[in-house]
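Structure assessment
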Amino acid sequence: MADRYIRFEHTGGETTDIRSIITVRLVKDRYTPYSELTASLMPEENVTLSDIRRVAFYIGSKRLHYGPADYVRTRVRGGRTVLELISRGVTLMLGQNEPEPGVWAKVSLTEIMKSYSPSSEITYESGTAAVNYVNINEKSTLWEAIGVYAVKAYGRRAYIKGDSQVAVSLSSSSVDISRCTKIEYGSQLDTRLMLSKIYMKNVDGDYGYSYSSSGIVPFGIVREKYYGLDRQWLSNVNTGLKDRIDHAEREHLVEHITYEGYCGEDITDRIMCSGTSVHRKRVSRIEITLDNKGLRTKLLCE
């Protein structure tokens, strides 16, 4: 059985590994720019909370999460100390920082990250395509700017690979989970975020641009929204409006599976598991749980 532990990196450079785990839950989603770790631990020595710089979660030699300690508290009850924590990945900073607005010419992911990355701990896919220009609105976050680039260059949004890499290309890896003990699998429909039609203002101030989705029509649901002029998409309005519709329809119809253990899969990997609904589908969400019942992984696949 692979070793599982939480590592604290301290401000002075030291590290503390905690293997006495009560519960751990790690969530990664293709459409969220960070992983989120929640855990309850029993540290064997005193931990100075103000000295915790980074929190990491390992299964074996693989680091699945890396980020600051957003929230940590200790409780002593019956002579036993329990440490509870919440940590979001370092890539959260992509959504907390704003790049310079305006027109960026001849840009690739490399140019964007070299110019505006808030941390050297955040890596990025190299060798990505360049686009003629992107128009970045005021108050846009860096993650939103990367999204505009990715949609123009690849027709899809970026995602976080591993624990800290910005990626735009789909994974070429396949992970076979067929030998794992399956707890459950099936399909899932969620129409709560879907939109039927959206409108956007043009330069004359009229709502002259629109885009419709047929995905929600069979459900008899009408949801229409109006947006102001978005200069990011003036050169290709349909691309921008389609991206809004696609994002509203993200993960609306997926296959899911829960199994014992963890096989090393990551976002956009293909899952191989013959006889189940997730076979050959790409991973869009990973939920890893560790508690007194053991280690379990739940996947949503598109």
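Computed from a predicted model, the values in this text were never measured in an experiment.

About the cut-offs
- Residues numbered from 1 in each chain as written.
- Predicted model: local features only at pLDDT ≥ 70, side-chain atom pairs only at ≥ 80, totals over all residues.
- Heavy atoms only, no water.
- Helix = DSSP H or I, 4+ residues; strand = E, 2+ residues; numbered from the N terminus.
- Expected span 1.5 Å × (residues − 1).
- Buried < 20%, exposed > 50% of the residue type's maximum accessible area, 1.4 Å probe, protein only.
- Contact = heavy atoms within 4.5 Å.
- Pairing = 2+ DSSP bridges.
- Axes fitted to C-alpha atoms, helices over the stretch in contact; angles between N-to-C directions.
- Parallel < 35°, antiparallel > 145°, perpendicular 65-115°, else oblique.
- Left-handed = near helix turned anticlockwise from the far one by under 90°.
- Nonpolar A, V, L, I, M, F, W, Y, C, P; charged D, E, K, R; others polar.
- Phe/Tyr/Trp six-rings, centres within 6.5 Å; stacked < 30°, edge-to-face > 60°.
- Lys NZ or Arg CZ within 6 Å of the ring centre and 35° of its normal.
- 1 Å grid on protein atoms, 1.4 Å probe; cavity = no way out; pocket = protein on both sides within 12 Å on 5 of 7 lines; lining within 4 Å.
- Points joined across faces, edges and corners; volume = space filled by probe spheres on them.

Taking 1.5 Å per residue as the helical rise, helix α2 (residues 142-154) with its 13 residues ought to reach 18 Å, and the 18 Å between its terminal C-alpha atoms agrees with that figure. Buried within α2 we find L142, W143, A145, I146, G147, V148, Y149, A150 and V151. Looking at the buried side of α2, the elements it contacts are β9 (102-107), α1 (109-116), β11 (131-136), β12 (159-161), β13 (165-167) and α3 (237-248). G155 lies just past α2 and shows a positive phi near 75°.

So, on to unusual backbone geometry. Residue K139 is not a glycine yet carries a positive backbone phi of 70°. Along the polypeptide, K139 turns up in the loop between β11 and α2.

What follows covers the sheet that holds strand β10 (residues 123-124). Strands sit in the order β10-β13-β12 across an open sheet of 3 strands; the sheet is mixed. The sheet is open, and its two borders are formed by β10 and β12, each paired with just one other strand. Relative to β13, β10 is paired through 2 bridges, and the arrangement is parallel. Each bridged residue has a counterpart across the sheet, and for T123 the counterpart in β13 is Q165.

Here the focus is the packing of α1 against α2. At a closest axis distance of 10 Å, the pairing of α1 and α2 adopts a crossing angle of 165°. Classified by the interaxial angle, the pair formed by α1 and α2 is roughly antiparallel. Between α1 and α2 lies a crossing of right-handed hand. Between α1 and α2, the residues in contact are L109, I112, M113 and Y116 and L142, I146 and Y149, respectively. Residue composition of the contact of α1 with α2, by class: 7 nonpolar, no polar and no charged.

Further remarks concern α3. Compared with an ideal rise of 1.5 Å per residue, which puts 12 residues at 16 Å, α3 spans 17 Å between its outermost C-alpha atoms and is within 8% of the ideal. Contacts made by the buried residues of α3 are with α2, β16 (197-200) and β17 (209-212).

Our next topic: the packing of aromatic side chains. Evaluation of the coordinates by the stated rule reveals 4 aromatic pairs. Considering the side-chain rings of Y199 and Y226, the 4.4 Å spacing of their centres and the 10° angle between planes classify their relative orientation as stacked. One end of the pair, Y199, is in strand β16; the other, Y226, is in strand β18 (residues 224-227), and 27 residues separate them in sequence. Of the residues examined, Y226 reaches a relative accessible area of 49% and is grouped as partly exposed. Seen in terms of ring centroids, Y207 and Y226 are 5.0 Å apart; in terms of plane orientation they differ by 85°. Their pairing is edge-to-face. One end of the pair, Y207, is in the loop between β16 and β17; the other, Y226, is in strand β18, with 19 residues separating them in the sequence. In this structure, R63 is placed above the aromatic ring of Y66, and the distance from its NZ or CZ to the ring centre is 3.9 Å. Here K152 stacks its cationic end above the ring of Y133, 4.7 Å away from the centre of that ring.

To continue, consider the sheet that holds strand β6 (residues 62-67). Spatially, β2-β1-β5-β6 is the arrangement adopted by the 4 strands of the open sheet, whose pairing is antiparallel. Strands at the two margins of the open sheet, each flanked by one partner only, are β2 (15-18) and β6. Averaged over all neighbouring strand pairs, the angle between strand axes comes to 20°, with direction disregarded. Bridge count for strand β5 (residues 52-59) against β6 is 5 bridges, and the pairing is antiparallel. Within β6, the position partnered with F57 by the bridge is H65.

If you walk through the whole model with that rule in mind, you get 1 cavity of 30 Å³ or more. A volume near 90 Å³ is recorded for the largest cavity. Mapped by element, the contributors of at least two residues to the lining of the largest cavity are β3 (21-29), β6 and β21 (281-291). Ranked by the residues each element gives to the lining of the largest cavity, the list is headed by β6, at 3 residues. Tallied by class, residues from the lining of the largest cavity come to 5 nonpolar, 1 polar and 6 charged.

Taken as a whole, the largest pocket spans an internal volume of roughly 560 Å³. Looking at the largest pocket, it is lined by 25 residues, and the ones nearest its centre are E144, R157, D243, R244 and H247. Counting only elements with at least two residues in the lining of the largest pocket, the list comes to α2, β18 and α3. Looking at which element gives the most residues to the lining of the largest pocket, the answer is α3, with 5 residues. Tallied by class, the residues present in the lining of the largest pocket amount to 10 nonpolar, 7 polar and 8 charged. There is about 330 Å³ of room inside the second largest pocket.

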